[in-house]
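One letter stands for each residue in the lines below.
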Amino acid sequence: MKAILIGFIKIYQKIISPIMPPTCRFYPTCSHYGVEAIEKHGALKGAWLAIRRISKCHPFHEGGFDPVPEKNEKIVK
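Calculation criteria
Residues numbered from 1 in each chain as written. Predicted model: local features only at pLDDT ≥ 70, side-chain atom pairs only at ≥ 80, totals over all residues. Heavy atoms only, no water. Helix = DSSP H or I, 4+ residues; strand = E, 2+ residues; numbered from the N terminus. Expected span 1.5 Å × (residues − 1). Buried < 20%, exposed > 50% of the residue type's maximum accessible area, 1.4 Å probe, protein only. Contact = heavy atoms within 4.5 Å. Patch = residues over 30% accessible without salt bridge, like charges linked within 9 Å, V, L, I, M, F, W, Y side chains within 5 Å. Areas by Shrake-Rupley, 256 points an atom, 1.4 Å probe, with all protein chains shown as cover. Salt bridge = Lys/Arg side-chain N within 4 Å of Asp/Glu carboxyl O. Phe/Tyr/Trp six-rings, centres within 6.5 Å; stacked < 30°, edge-to-face > 60°. pLDDT = per-residue confidence, 0-100.

## What about helix H2 (residues 30–41)?
Argument step 1. A rise of 1.5 Å per residue sets the reference length of H2, with its twelve residues, at 16 Å; its end C-alpha atoms lie 16 Å apart and thus fit the reference within 8%.
Argument step 2. Every buried residue of H2 is listed here: Cys-30, Ser-31, Tyr-33, Gly-34, Val-35, Ala-37, Ile-38 and His-41.
Argument step 3. The secondary structure elements touched by the buried residues of H2 are helix H1 (2–16), strand S1 (26–27) and helix H3 (43–55).
Argument step 4. With its phi angle positive at about 95°, Gly-42 sits one or two positions after the end of H2.

## A word on a nonpolar patch on the surface
Argument step 1. On the surface, a cluster of nonpolar side chains totalling about 1000 Å² of accessible area is made up of Met-1, Ile-4, Phe-8, Ile-11, Tyr-12, Ile-15, Ile-16, Ile-19 and Met-20.
Argument step 2. Here Tyr-12 shows up in helix H1.
Argument step 3. The class of Tyr-12 is partly exposed, set by a relative accessible area of 37%.

## A word on the packing of aromatic side chains
Argument step 1. In the structure shown here, the tally under the stated rule is one aromatic pair.
Argument step 2. Where Tyr-27 meets Phe-65, the ring centres are 6.1 Å apart and the plane angle is 25°; that geometry is what we call stacked. Here the residue Tyr-27 occupies a position in strand S1, and Phe-65 occupies one in strand S2 (residues 64–65), the gap between them amounting to 38 residues.
Argument step 3. Under the relative-accessibility criterion, Tyr-27 is labelled exposed at 59%.
Argument step 4. For Phe-65, a relative accessible area of 62% corresponds to the exposed category.

## Details of the confidence of the model for the protein
Note that predicted coordinates carrying low pLDDT should not be read in detail.
Argument step 1. Counting all residues, the mean pLDDT for the protein is 87, and 94% of those residues have values of 70 or more.
Argument step 2. Within the protein, the element-level pLDDT minimum falls on S2, averaging 86, and the maximum on H2, averaging 92.

## A closer look at the pattern of salt bridges
Argument step 1. Applying the stated criterion to the full structure yields four salt bridges.
Argument step 2. In this structure, Asp-66 and Arg-53 form a salt bridge, with 3.7 Å as the shortest nitrogen-oxygen distance. Placement of the pair is Asp-66 in the segment after S2 and Arg-53 in helix H3, with a sequence separation of 13 residues.
Argument step 3. Look at Asp-66 and you get buried, because its relative accessible area is 16%.

## Description of the side chain of Gln-13
Argument step 1. Following the sequence through the fold, Gln-13 ends up in helix H1.
Argument step 2. In contact with Gln-13, not counting residues within four places along its chain, are Pro-18, Ser-31 and His-32.

## Points about unusual backbone geometry
Argument step 1. Cis geometry marks the peptide bond from Tyr-27 to Pro-28; its omega dihedral reads -5°.
Argument step 2. The topology assignment puts Pro-28 in the loop between S1 and H2.

Right under this line is the structure:
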């Protein structure tokens, strides 16, 4: 399942992302965050972290540096 999710993100990065203007307000970008979260936390929790990150992508959130939490860190909602 991890490989499938990461594959979808990689397809997005190679095909869709290059034709879109760069507008990400976070570092690392949401797609890179998603890959790292899935690799580090597994398919379910990593996908959940990626969805939470993407949900912050709106004009009222300041963005900035937002790394994937380590496995032993408590995730604050």
